[in-house]
Amino acid sequence: MKHNVLLIFLIFVAGVLFRLWFISLAPQPFMGDQTEYEWYAAKIFLHPQMLESFSFRSYPYPLFLATVYKFVGFGNHEAIFFLQAILDAFSGVMVFLMTGSWIAFILYQINPFTSGYVGVILSEVLSIFFITATILFGAFFVKKPKFATGFLFGLAAGLAAETRNAAFLWAAIPIGLAYLFIRSKKYFFAILLGVIVTIIYPLYVNWRDYKEISITTVDSIFARELWNGAILKTLPPFAHDLNIAGLREMYMEFYSERNPGRTSDERKAIAKKYMNSAFSIIKNDPIDYIKVRLDKMWYMWQKENVFFYEEPGFNQHKAYTYALNLAILVLAAFGLWRARRNWLWWTIIGTVIYGTLVFSITHAEYRLTIPFYPLLVIAASWAF
């Protein structure tokens with residue numbers, strides 16, 4: 001047992017070092033969504049109680065940034081990258097605890113797909129951590145329901161939902177399946193209590209600042225993504241030009257953060273405008289819309305790049321990256337085919353279906369599925 005613990009620790013440390021080395025191969029520019037997360041983090045950092053709202057970014061990742069900056073100084077990205085390397089490598093430890101598979105553990109520690117996001121100020125790594133923690137505590141809870149594991153299950157699920165708007169509804173999958181799988185329902189309220197804790201922050205700041213009861217962002221996620229998904233076809237890697245199809249104009253008009261003093265009614269009017277615009281695009285050519293959705297259902301699971309903003313030598317090695325990702329997908333599919341149909345199996349199946357269907361109505365860039373890669377690695381390990 002002692003030897004196993006030591007080996008787990010050594011592989012974990014190797015995973016951290018691998019990530020720090022890996023991101024040094026392609027330092028990423030500070031741009032795009034990173035600036036928005038930093039903007040929100042600055043608001044939290046400067047507030048005496050670290051309680052601040054933001055109309056189009058949810059709170060967990062900016063709160064994580066602001067908390068770290070309190071200790072190391074605002075804007076210390078190297079400290080964030082180091083902690084993200086630890087979080088992502090520890091997600092691999094949680095994969096091992098769920099599977100008992102050394103193959104899964106090592107495969108996750110050396111995978112380039114999640115590792116590449118360690119070196120950017122984006123929420124993917126924190127989202128991966130909370131999603132993996134949700135599955136871990138969910139597996140413990142389903143096996144032996146207890147108040148503590150139920151609470152941690154709900155807490156992790158709520159934080160996973162809040163961290164990434166793209167996965168906001170995902171938490172209903174593991175929680176709903178847990179309700180079906182456990183015989184005794186007496187501890188189920190512990191899950192709900194854990195989730196409730198995670199929505200107190202947005203409920204308070206949204207009411208204080210916007211006079212709206214909202215457990216997520218006050219600017220409509222659904223309206224924005226439906227419109228984005230309607231006007232944008234599949235995005236190639238490194239496509240960060242906001243002038244594509246009028247995106248810049250939409251962002252400047254849509255977000256209340258860029259329009260101080262906007263009322264709740266005005267936000268609803270903006271959301272309705274873009275919803276109607278999206279529906280108009282769909283009605284004009286429904287066949288093309290459906291075709292693009294089908295293309296996106298496969299496209300979003302593909303990976304040609306491992307770094308988000310820029311990647312040296314991309315054209316020379318993108319075929320190998322694509323092949324490696326395809327191998328993981330094939331192994332995951334084979335593992336799911338042969339695995340036992342338990343709560344974890346159904347949760348992975350539900351996650352894949354969720355990502356495939358829900359993300360297809362959005363702009364469907366590669367990184368949307370990155371937070372689900374621990375589940376793919378678990379499924380791939382079953383193939384062995």
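Residues numbered from 1 in each chain as written. Predicted model: local features only at pLDDT ≥ 70, side-chain atom pairs only at ≥ 80, totals over all residues. Heavy atoms only, no water.

**Concerning the overall build of the protein**
Note the cut-off: Secondary structure elements are defined from DSSP: runs of H or I of at least 4 residues count as helices, runs of E of at least 2 residues count as strands, and each element is numbered from the N terminus. In this setup the radius of gyration rests on C-alpha atoms only. A globule is expected at 2.2 Å times the number of residues raised to 0.38. Only protein chains enter the accessibility calculation, which uses a 1.4 Å probe. A residue is then buried if its area is under 20% of the maximum for its type, exposed if over 50%, and partly exposed in between. Residue contacts are counted whenever heavy atoms from the two residues lie within 4.5 Å of one another. Here, Shrake-Rupley sampling with a 1.4 Å probe gives the accessible areas, and only protein chains in the shown set may cover a residue. For the charge count, each Lys or Arg is scored as positive and each Asp or Glu as negative, with His and the chain ends excluded. To locate a charge, the coordinates of NZ of Lys, CZ of Arg, CG of Asp or CD of Glu are taken.
Helix and strand content of the protein: 17 helices and zero strands. Its C-alpha atoms give the protein a radius of gyration of 21 Å, within 12% of the compact-globule value 21 Å for 384 residues. Within the protein, the fraction of its 384 residues that count as buried is 55%. A fraction of 74% describes how many contacts in the protein between residues 6 or more apart in sequence connect residues 24 or more apart. Total accessible area computed for the protein in this model is approximately 17200 Å², and 69% of it derives from carbon and sulfur atoms. Positive and negative side-chain charges of the protein, numbering 33 and 25 respectively, have mean locations separated by a distance of 13 Å.

**Some thoughts on helix α10 (residues 188-210)**
Using the following cut-off: A helix's residues, less one, multiplied by 1.5 Å, set its expected span. Bend is computed residue by residue as the angle between axes fitted to the seven residues ending at the residue and the seven residues starting at it.
The first and last C-alpha atoms of α10 sit 33 Å apart over 23 residues, in line with the 33 Å expected at 1.5 Å per residue. Taken as a whole, α10 carries its principal kink of about 35° at Ile199; the proline Pro202 stands between one and four residues after it. Along α10, the residues classified as buried are Phe188, Ala190, Ile191, Gly194, Thr198, Ile199, Tyr201, Pro202, Val205, Asn206 and Tyr210. With its phi angle positive at about 55°, Lys211 sits one or two positions after the end of α10.

**Observations regarding empty space enclosed by the protein**
As a reminder of what qualifies: Using only the protein atoms, space was sampled on a 1 Å grid; points where a 1.4 Å probe fits but cannot get out form cavities, open sets with protein on both sides within 12 Å along at least five of seven lines form pockets, and lining residues are those with an atom within 4 Å of a point. Grid points are joined across faces, edges and corners, and a volume is the space filled by probe spheres set on the points. As a working rule, the residues Ala, Val, Leu, Ile, Met, Phe, Trp, Tyr, Cys and Pro are called nonpolar, Asp, Glu, Lys and Arg charged, and the rest polar, with Gly in that last group.
Summed over the entire model, instances satisfying the criterion amount to three cavities of 30 Å³ or more. By volume, the largest cavity is sized at about 100 Å³. What lines the largest cavity is a set of 12 residues, and nearest its centre among them are Pro236, Pro237, Phe238, Phe308 and Glu365. Approximately 60 Å³ is the volume attributed to the second largest cavity. Residue lining of the second largest cavity: 13 residues in total, with Tyr40, Arg57, Ser58, Pro202 and Thr216 positioned closest to the centre. Partitioning the lining of the second largest cavity into residue classes produces six nonpolar, five polar and two charged.

**Brief notes about the side chain of Thr347**
Along the polypeptide, Thr347 turns up in helix α16 (residues 343-358). Exposure remark for Thr347: the relative accessible area of 0% places this residue in the buried category. What Thr347 contacts, discounting residues up to four positions off in sequence, is Ile135, Ile173, Pro174 and Leu177.

**Digging into a nonpolar patch on the surface**
Heads up, the rule is: Patch building starts from residues that exceed 30% relative accessible area and form no salt bridge, then joins like charges within 9 Å and nonpolar side chains (Val, Leu, Ile, Met, Phe, Trp, Tyr) within 5 Å. Here, a salt bridge means any Lys or Arg side-chain nitrogen found within 4 Å of an Asp or Glu carboxyl oxygen.
Taken together, Phe147, Phe189, Leu192, Leu193, Ile196, Val197 and Ile200 make up a surface patch of nonpolar side chains, about 610 Å² in accessible area. If you tally residues by element for the nonpolar patch, the top one is α10, at six residues. When you line up the elements, Phe189 lands in helix α10.

**Digging into the packing of helix α11 (residues 221-231) against helix α12 (residues 247-254)**
This is how it is decided: Interaxial angles span 0 to 180 degrees and are taken between N-to-C directions of axes, which are lines fitted to C-alpha atoms, for helices over the stretch in contact. Roughly parallel refers to an angle under 35 degrees, roughly antiparallel to one over 145, roughly perpendicular to one between 65 and 115, and oblique to any angle outside these ranges.
Packing of α11 against α12 leaves a shortest axis separation of 12 Å and a crossing angle of 170°. Of the possible angle classes, the one that applies to α11 and α12 is roughly antiparallel. Across the interface between the two elements, Ala223, Arg224, Trp227, Asn228 and Ile231 from α11 touch Leu247, Met250, Tyr251 and Phe254 from α12. Each residue belonging to the contact of α11 with α12 can be placed in one class, and the counts come to seven nonpolar, one polar and one charged.

**With respect to the packing of helix α4 (residues 77-99) against helix α17 (residues 373-382)**
This is how the line gets drawn: It is the rotation of the near helix from the far one that decides the hand of a crossing: anticlockwise by less than a right angle makes it left-handed, clockwise makes it right-handed.
At their nearest, the axes of α4 and α17 sit 10 Å apart, and the two run at 40° to each other. Compared by their axis directions, α4 and α17 come out oblique. As α4 packs across α17, the resulting crossing turns out to be right-handed. Each of Val95, Met98 and Thr99 in α4 lies in contact with α17, whose residues at this interface are Pro374, Val377, Ile378 and Ser381. A breakdown of the residues in the contact of α4 with α17 according to their chemical character gives five nonpolar, two polar and no charged.

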